[in-house]
Amino acid sequence: MPGSGATLVSFQLLDVSYEMRGSTSVIILWGRGADGSRIVIFYSEFRPYFYVLPDGSVGLDQLTAMIRRLSKPSSPIISVERVRRRFIGREVEALKVTTMVPASVREYREAVRRLGGVGDVLEADIPFALRFIIDFNLYPMRWYVAEARETAVPHGYSVDKAYVLSGSIREDESRVQEDPLKGLRVLAFDIEVYSKMRTPDPKKDPVIMIGLQQAGGEVEILEAEDRSDRRVITGFVERVREADPDIIVGYNQNRFDWPYLVERARVLGVKLTVGRRNVEPQPGLYGHYSVSGRLNVDLLDFAEELHEVKVKTLEEVADYLGVVKTEERVTLEWWQIGEYWDDPSKREILRRYLRDDVRSTMGLAEKFLPFGAQLSQVSGLPLDQVMAASVGFRLEWRLIREAAKLGELVPNRVERGEGRYAGAIVLRPKPGVHENIAVLDFASMYPNIMVKYNVGPDTLVRPGEEYSEDEVYIAPEVGHKFRKTPPGFFKKILERFLSWRRQIRGEMKKYTPDSPEYKLLDERQKAIKLLANASYGYMGWPHARWYCRECAEAVTAWGRSIIRTAIRKAGELGLEVIYGDTDSLFVKNDPEKVDRLVRFVEEELGFDIKVDKVYKRVFFTEAKKRYVGLTVDGKIDVVGFEAVRGDWSELAKETQFKVAEIVLKTGSVDEAVEYVRGIIEKLRRGQVDLRKLVIWKTLTRPPSMYEARQPHVTAALLMERAGIKVEPGAKIGYVVTKGSGPLYTRAKPYFMASKDEVDVEYYVDKQVVPAALRILQYFGVTEKRLKGGGRQSTLLDFMKRGK
DNA sequence: ACTAGGCGGGG
DNA sequence: GTGTACGCCTAGT
């Protein structure tokens with residue numbers, strides 16, 4: 001029962017931070033109340049602590065006394081307790097040292113390490129706010145009921161209500177199936193900066209426009225007056241505070257918009273207080289900006305995981321996801337922005353461009369946030385951190401929580417020289433075009449191996465340790481041994497993940513795929529799958545706290561053995577295997593034989609395998625991990641081809657994709673050849689837009705400092721001579737012009753070149769033809785044929801010849 | 001061939 | 001804030 005004056009507060013946990021009040025740390029839980037209010041809950045009883053693992057050379061009483069003697073008045077050591085814990089599977093007796101000021105833990109850690117009798121200092125590097133939600137078993141984005149007393153909202157907090165935690169916090173089970181984003185306010189923003197042909201400098205280049213959009217609303221645009229942007233910045237702060245979003249989204253705002261705005265505000269003497277606390281956005285060590293009381297989410301972090309999209313511009317990503325199609329939006333290059341601002345007749349286009357960027361950003365948020373929210377609920381990291389974190393950290397924070405629950409101490413992060421080990425099997429593909437191919441995928445192969453063979457750092461039999469043959473699993477090839485019992489740290493966690501995911505997938509069957517319930521559960525099972533699948537790679541990651549090279553080695557060895565067995569079986573069944581990679585097999589789509597193979601893998605090997613997709617046609621080169629496929633539903637998959645890269649001209653990239661599409665969809669090599677010839681002809685007739693010929697490269701140093709002569713450096717030097725400042729980091733766009741000398745003498749900044757100067761033959765020989773030949777050479781097409789005459793052939797001819 | 005170092009996204 | 005990415009490409013040897 002709540003104590004005097006205490007009430008039960010139902011809230012959704014959004015974020016956690018802490019502040020010092022004198023020498024006392026106060027935990028701040030940022031949340032959303034069930035009544036729609038934005039709240040904070042304060043808790044000032046939580047204290048920072050860490051563990052000391054004795055090495056046995058000094059008695060525990062003596063060690064305790066030695067640690068106590070280190071206590072400093074600025075942050076006294078308030079207790080040193082003896083505790084029983086486990087560490088990598090062993091029972092240990094440790095000392096738990098508690099102090100007052102979180103920031104003092106670092107100093108105590110170093111001081112304690114220097115004491116005799118100390119084996120190691122553990123858990124002295126867990127951020128204090130995270131430590132709190134770990135120990136109280138709170139997960140961001142989930143709903144809780146807390147016993148708390150309401151208190152006046154302190155000065156400097158922009159929230160509706162404030163509470164002081166006076167009792168326990170428990171999860172509100174009735175809201176587990178609720179959409180965590182429902183009712184949360186999302187704000188998308190983007191800025192445009194005045195710049196002409198050089199990297200903008202916040203010291204002088206104004207922010208000319210800022211676009212904002214609330215979910216479901218229209219894009220609102222704030223504009224500078226000529227070059228004066230003070231009102232834009234103050235207006236932005238006002239608008240954010242009015243909108244009072246819980247989540248702020250942008251695209252690459254952590255590396256551009258926030259640092260630019262913060263610096264610009266400083267230059268103008270304006271305070272950028274956009275958070276729920278009277279502070280400016282704070283930069284973290286690796287570029288994440290934290291906006292107090294709000295979740296600042298950079299959608300580029302999500303885009304990084306779209307491996308299918310090679311160039312991750314907002315435009316490309318939005319187009320790929322069908323959020324805002326490229327052909328339905330205004331596209332401008334960054335170097336045009338100054339010009340479109342200066343020319344009043346073009347300013348409306350600039351507005352539309354910004355509006356399209358903001359719309360794209362909001363669209364991406366709608367696509368990505370549901371998954372992010374689930375990942376937050378599952379991993380235990382606040383939404384803004386979970387997306388910025390690499391997959392290893394996401395899993396690791398969940399592992400730390402599991403360790404806390406199991407009484408396991410968390411190993412330290414240690415510097416390790418990376419050791420390479422044998423990876424998965426990748427078969428050499430059979431080059432050429434294959435028709436009707438089924439792709440078989442093992443479901444969560446590696447996690448299942450880890451569970452089946454109890455793989456983990458705590459079950460590994462290390463050199464010199466006793467074991468008997470029938471008590472261990474022995475990995476093929478590498479011979480690493482793992483104890484069959486008791487179940488290890490990873491096995492316990494993975495079993496829970498796998499059964500949790502099974503249960504969710506069962507529940508999903510109750511709903512139709514387009515229902516909100518189904519989508520929520522689907523995002524949740526994907527989040528769990530992500531963490532489960534990360535566990536193998538995690539053990540082989542040199543930064544991992546639970547690093548275990550032998551474990552990772554053993555997992556891939558088992559994986560290789562399983563896939564080899566499956567390939568052998570396919571051979572026995574007379575099923576042709578075209579290609580295989582790690583946990584997938586490309587086989588002829590002979591349903592009856594495929595079905596027998598699937599049953600063999602499930603029944604004899606004990607692993608799940610299923611037909612993931614069927615290609616109507618798929619084209620392999622002789623290279624591994626590189627193919628183009630046409631799925632039965634008409635989608636083109638381009639995997640591993642590198643012409644989708646930034647330093648090729650737009651024209652070359654376009655040509656390569658088109659060629660792949662034509663070859664697979666129509667089956668006509670001739671049509672593809674004709675297409676390429678058409679492009680070459682257009683190029684020679686001067687009908688290709690100069691913009692598609694620009695090759696971009698980044699300067700890594702001042703142009704005069706280069707020893708080697710390169711085209712983009714020549715272009716940069718020309719820009720300097722024209723009075724345009726170019727600094728390291730600037731992207732130089734150049735075109736190759738006619739002339740006789742070596743290439744680097746013929747490069748010119750694209751805006752200084754005219755179409756008729758362009759060395760068309762360079763683009764034919766070094767851009768269009770090589771990009772097209774990457775694919776077409778496998779059909780016997782030669783450079784000569786693309787550029788001149790040649791005989792007609794069809795895909796059918798090629799396939800006959802190939803046999 | 002190999003390693004060291006820098007970039008991505010943004011404007 | 002008890003603290004931080006990563007995989008690919010280029011330049012240079």
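What you are looking at is a predicted structure, and each value in this text was computed from that prediction instead of being measured. (Residues numbered from 1 in each chain as written. Chains lettered and ligands numbered in written order. Predicted model: local features only at pLDDT ≥ 70, side-chain atom pairs only at ≥ 80, totals over all residues. Heavy atoms only, no water.)

Novice: With reference to specific residues and values, describe the overall build of chain A.
Specialist: Within chain A, the regular secondary structure consists of 22 helices and 27 strands. For 803 residues, the compact-globule formula gives about 28 Å, and the C-alpha radius of gyration of chain A, at 30 Å, lands near that figure. Overall, chain A is about 90 × 75 × 60 Å in size when its C-alpha atoms are taken along their principal axes. Sorting the 803 residues of chain A into buried and exposed places 53% on the buried side. Put simply, of all contacts in chain A between residues at least 6 apart along the chain, 66% involve residues at least 24 apart. Summed over its atoms, the accessible surface of chain A is roughly 35800 Å², and 49% of this surface lies on carbon and sulfur atoms. One way to put it: in chain A the 125 positive side-chain charges average out to a point 2 Å from where the 116 negative ones average out. (Helix = DSSP H or I, 4+ residues; strand = E, 2+ residues; numbered from the N terminus. Rg over C-alpha atoms; globule rule 2.2 N^0.38 Å. Buried < 20%, exposed > 50% of the residue type's maximum accessible area, 1.4 Å probe, protein only. Contact = heavy atoms within 4.5 Å. Areas by Shrake-Rupley, 256 points an atom, 1.4 Å probe, with all protein chains shown as cover. Lys, Arg positive; Asp, Glu negative; His and termini not counted. Charge placed at Lys NZ, Arg CZ, Asp CG, Glu CD.)

Novice: For the domain arrangement of chain A, give the residues involved together with the corresponding values.
Specialist: Considered domain by domain, chain A is made up of domain 1 (7–45 + 138–171), domain 2 (49–128), domain 3 (186–342), domain 4 (426–636) and domain 5 (643–797). Across the contact, 12 residues belong to domain 4 and 13 residues belong to domain 5. Taking both sides of the interface into account, the surface hidden between domain 4 and domain 5 amounts to around 1000 Å²; carbon and sulfur atoms contribute 77%. In this structure, the connection of domain 4 to domain 5 is made through 0 salt bridges. Of all the secondary-structure elements, those providing two or more residues to the side of domain 4 that touches domain 5 are strand 22 (609–620) and strand 23 (627–631). Of the residues assigned to the side of domain 4 that touches domain 5, the class counts are 6 nonpolar, 3 polar and 3 charged. (Domains from an automatic or database assignment. Buried area = accessible area lost by both parts, 1.4 Å probe. Salt bridge = Lys/Arg side-chain N within 4 Å of Asp/Glu carboxyl O. Nonpolar A, V, L, I, M, F, W, Y, C, P; charged D, E, K, R; others polar.)

Novice: Mind laying out the pattern of salt bridges, listing which residues take part and the relevant values?
Specialist: All told, the structure shown has 58 salt bridges when counted by the stated rule. A salt bridge links Arg 86 to Glu 408, with the shortest nitrogen-to-oxygen separation between them at 3.5 Å. One end of the pair, Arg 86, is in strand 5 (residues 79–87); the other, Glu 408, is in the loop between helix 11 (391–406) and strand 17 (432–442), with 322 residues separating them in the sequence. Between Arg 413 and Glu 396 there is a salt bridge, with its nearest N and O atoms 2.4 Å apart. With Arg 413 in the loop between helix 11 and strand 17 and Glu 396 in helix 11, the pair connects residues that are 17 residues apart, well separated along the chain. For Arg 413, a relative accessible area of 29% gives the class partly exposed. Among the charged side chains, a network of salt bridges with common partners joins Arg 38, Arg 185, Asp 244, Asp 246, Arg 276 and Arg 294.

Novice: Can you break down the pairing of strand 11 (residues 207–214) residue by residue, with the values?
Specialist: When you tally the buried positions in strand 11, you get 7 out of 8 residues, the bulk of the element. As defined by bridge partners, strand 10 (residues 186–193) adjoins strand 11 across 7 bridges and the pair is classed as antiparallel. Note on strand 11: the bridge partner recorded for Ala 188 is Gln 213. Looking at chain direction, strand 11 and strand 12 (residues 219–223) are connected through 5 bridges and run antiparallel. Bridge pairing in strand 12 places Gln 213 opposite Val 219. What sits between strand 11 and strand 12 in their antiparallel hairpin is a turn of 4 residues, with Gly 216 showing a positive phi close to 85°. (Pairing = 2+ DSSP bridges.)

Novice: Could you give an account of the sheet that holds strand 7 (residues 118–122), naming the residues involved and the relevant values?
Specialist: Strand pairing in a sheet relies on backbone hydrogen bonds, with the paired strands running either antiparallel or parallel. Strand order in the open sheet made by the 4 strands is 5-6-4-7, with antiparallel pairing throughout. Each end of this open sheet is capped by a strand with a single partner; those strands are strand 5 and strand 7. The sheet shows a mean angle of 30° between the axes of neighbouring strands, direction not considered. Pairing of strand 4 (residues 49–54) with strand 7 involves 4 bridges; the strand directions are antiparallel. Within strand 7, the position partnered with Val 52 by the bridge is Val 121. (Axes fitted to C-alpha atoms, helices over the stretch in contact; angles between N-to-C directions.)

Novice: Describe the environment of Ile 732, listing the residues and the values that go with them.
Specialist: Here Ile 732 is to be found in strand 26 (residues 731–736). Expressed as a C-alpha distance, the spacing of Ile 732 and Val 587, which sit 145 residues apart in the sequence, is 46 Å.

Novice: For the nonpolar core, give the residues involved together with the corresponding values.
Specialist: Counting 172 residues, the largest nonpolar core has Leu 29, Phe 236, Ile 247, Trp 258, Leu 261 and Leu 369 as the members making the most contacts within it. With residues near it in sequence (within four places) discarded, Leu 261 still touches Phe 189, Ile 191, Val 207, Ile 210, Ile 233, Phe 236 and Leu 272. Among the nonpolar cores identified, the runner-up in size contains 49 residues, and Ile 680, Met 719, Tyr 762 and Val 768 belong to it. (Core = buried A, V, L, I, M, F, W, Y, C linked by side-chain atoms within 4.5 Å.)

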